[in-house]
Amino acid sequence: MRIHLSSVFVDDQDKALRFYTDVLGFVKKHEIPLGAARWLTVVSPEAPEGTELLLEPDGHPAVKPYKTALVADGIPAASFAVDDVPAEFERLRGLGVRFIQEPVEMGPVTTAVLDDTCGNLIQIVHSA
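Residues numbered from 1 in each chain as written. Predicted model: local features only at pLDDT ≥ 70, side-chain atom pairs only at ≥ 80, totals over all residues. Heavy atoms only, no water.

1. Looking at the pattern of salt bridges
Okay, step 1: This model, assessed by the stated rule, comprises 10 salt bridges.
Okay, step 2: R38 serves as the salt-bridge partner of D14, at 2.8 Å between the closest nitrogen and oxygen. Pair noted here: D14 is in helix α1 (residues 13–23) and R38 is in strand β3 (residues 37–43), with a separation of 24 residues, a long-range link.
Okay, step 3: Assessed through its relative accessible area of 42%, D14 is described here as partly exposed.
Okay, step 4: Where K28 meets E31, a salt bridge forms, and the shortest distance between an N and an O atom there is 2.6 Å.
Okay, step 5: Since its relative accessible area comes to 34%, E31 is described here as partly exposed.
Okay, step 6: Each of D14, K28, E31 and R38 takes part in one network of salt bridges that share partners. (Salt bridge = Lys/Arg side-chain N within 4 Å of Asp/Glu carboxyl O. Helix = DSSP H or I, 4+ residues; strand = E, 2+ residues; numbered from the N terminus. Buried < 20%, exposed > 50% of the residue type's maximum accessible area, 1.4 Å probe, protein only.)

Here is the structure:
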């Protein structure tokens, strides 16, 4: 068994696709119309057949309170592995990304937390 798909709830699929591809560097895998929304996934360019991230519309009534509570408590909705957290922090900050947590070393793990502009906090992480 392996993870095939995970999702983040986004307030605007077009904005999310731009952020997750143009800024974070993922690539679009699927875009299938489903009425007013789309089945819209991205993948790592390093693993195009790997785990997909679904940019899922946040229209369900339970989602907005859930997202609001996570953000208020500083809890990331997802965590993405990077090779070098400080370097990725500088690259993303140079692109205008807002971080709510700068790089922090916690033993063998370094993390930073950013705002994805779509209502979520996202953690970037590297394990030594």
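Anyway, onward from the coordinates.
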